[in-house]
Each structure stands twice: as C-alpha cells, then as structure tokens.
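Take a look at the letters that make up each chain.
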Amino acid sequence: MFIVAAVIAAAFTVRAAEASPPVVTAASVPSDVVTASVWGPGAALIGPARVGVEVMLAAYRRPGSPHIEREPMTTEYFSSLDAEITFPADSETADAIRRIARHEVTAYYHYCARTMREALGWGLGDAHEWTALPDHGYTQRPAGSEAQPGDIVVWPFTYGRSNSQHIGIAVGTRHGTMLLSNLSGRICLSELKPGYRAYYR
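On a predicted model such as this, the values are computed, not experimentally measured, just so you know. (Residues numbered from 1 in each chain as written. Predicted model: local features only at pLDDT ≥ 70, side-chain atom pairs only at ≥ 80, totals over all residues. Heavy atoms only, no water.)

(A) View of the overall build of the protein. Helix and strand content of the protein: three helices and twelve strands. Residue burial in the protein is summarised as follows: out of 201 residues, 41% are buried. Of the roughly 10900 Å² of accessible surface on the protein, 55% is carried by carbon and sulfur atoms. (Helix = DSSP H or I, 4+ residues; strand = E, 2+ residues; numbered from the N terminus. Buried < 20%, exposed > 50% of the residue type's maximum accessible area, 1.4 Å probe, protein only. Areas by Shrake-Rupley, 256 points an atom, 1.4 Å probe, with all protein chains shown as cover.)

Encoded structure:
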C-alpha cells in the first residue's frame, strides 16, 4: 500500500513538473545567450528584473524573435523619448545612442546623417554614403539578417515609399528592435522598414 502511494505521488510530481514552465533565474542564463523575447507578450523574468543589465531569458524565446549576439547589454531610460532602450554597453555606438536619445545633437529636417555624425564624432557624408562602413572597420550583416541593437542601419535610397536615404541606430525596446534616428527633423524611435543594411563592429 505504501509503495503504491509512493508511485502515484511520484507520477503526479512528474506530471506537475511537465505542466509548469521552467523556472529560470537571471543567474542561470549562460552569459553567451541573450534574447529579446522579454520585450514580447508572455515573457517572464524570475528574480530581479535587472541585474546590472536587463537579462533576456532564453527559456522564453519565441520563434522568430531577434537574437542579440553582443553583450554586455545595458537598458537605460531616456525621458526625452519616454522609453527604455537596450543596447550593447561597450559598443562604439553606445555613447552615440545616449547623445541622440538625450537630444544632445541637432535634428534638422533631411539631415539624419548630420545627426549621426554629431553623435559619433565622425561621419561619411550623406546617409547613402555610409554603406562604406566596411572600409572603416565595420562588418555588414548578411542580406536578409535582422539588425541587432547597436547596429548602424543605412537605407541607401530604399527607405519607405519614396525610396529616400536614411540612417540611424538599432536599439532594443519593449516592442522589439526599433530605429533611433532623426526622422524628418525629429529624434524618435520608429519601426525598421525593409530595405536597410546593418553594420556592426
């Protein structure tokens, strides 16, 4: 009788474990695995929501969500955007992202490349000319690859219906990866429209 009860209890425990989602803490996530799924619906963080940086838990990664390859990541709130954005803390674009997000650069209409030049401290001319970034130590992501937070994103006459040129920096948000840029004379976050080239270093 005792043995039968023990077997039933063990079976119930196994079924309960199978039915429950895995309990994963920030400390248990490998340092080389970070995903953006926490920005989407159904995401969960067990334990502190932030341990130095916002931790994206691999256990809750949804199919099709972008994979963040570079780290450590930092998540910072910018009142000028009224948003938290995530980006590689040690990338060359980190300080540029902060300058743009704090509106510490000019944002004249049709001068998105000038905004980038002021943010980075150097530039390559009009937006379409930034496709020369590989000549300056940057690597272009393969065609069809999604931009990652921290990437410089360039549309060489492929932006929107008017096929204009545009440039900005990809950042992570609670709504997924978005573009931080001077769009039509306004510093803002916007969707990553098709037709871009993404560069990282």
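(B) Examining the pattern of salt bridges more closely. In total, this model carries seven salt bridges according to the counting rule given. For E76, the salt bridge identified is with R98, shortest N-O distance 2.8 Å. Of this pair, E76 sits in strand β5 (residues 73–78) while R98 sits in helix α2 (residues 93–101), and the two are 22 residues apart along the sequence. One salt bridge connects K193 with E191, and the closest N-O pair in it is separated by 3.7 Å. (Salt bridge = Lys/Arg side-chain N within 4 Å of Asp/Glu carboxyl O.)

(C) Structural context of the pairing of strand β6 (residues 83–88). Burial analysis of β6 places five of its six residues in the buried class, which makes it a mostly covered element. Adjacent in sequence and paired antiparallel, β5 and β6 are bridged by four residues, among which D82 carries a positive phi angle near 50°. (Pairing = 2+ DSSP bridges.)

(D) Region of interest: the packing of aromatic side chains. In the structure shown here, the tally under the stated rule is four aromatic pairs. For the ring pair W122 and Y138, a centre distance of 6.3 Å and an interplane angle of 50° mean the geometry is tilted. In this pair, W122 is assigned in the loop between α3 (112–120) and β7 (139–140) and Y138 in the loop between α3 and β7, connecting sequence segments 16 residues apart. Note on W122: relative accessible area 22%, which makes it partly exposed. You can call Y138 buried: its relative accessible area is 5%. Judged by centre distance (5.6 Å) and plane angle (70°), the rings of W155 and Y196 are edge-to-face. A residue pair is termed long-range when its members are at least 10 positions apart, and W155 in strand β8 (residues 152–159) and Y196 in the loop between β11 (186–190) and β12 (197–200) qualify at 41 residues. Judged by relative accessible area, W155 falls into the buried class, the value being 0%. Aromatic ring contacts, followed pair by pair, group W122, W130 and Y138 into a single cluster. (Phe/Tyr/Trp six-rings, centres within 6.5 Å; stacked < 30°, edge-to-face > 60°.)

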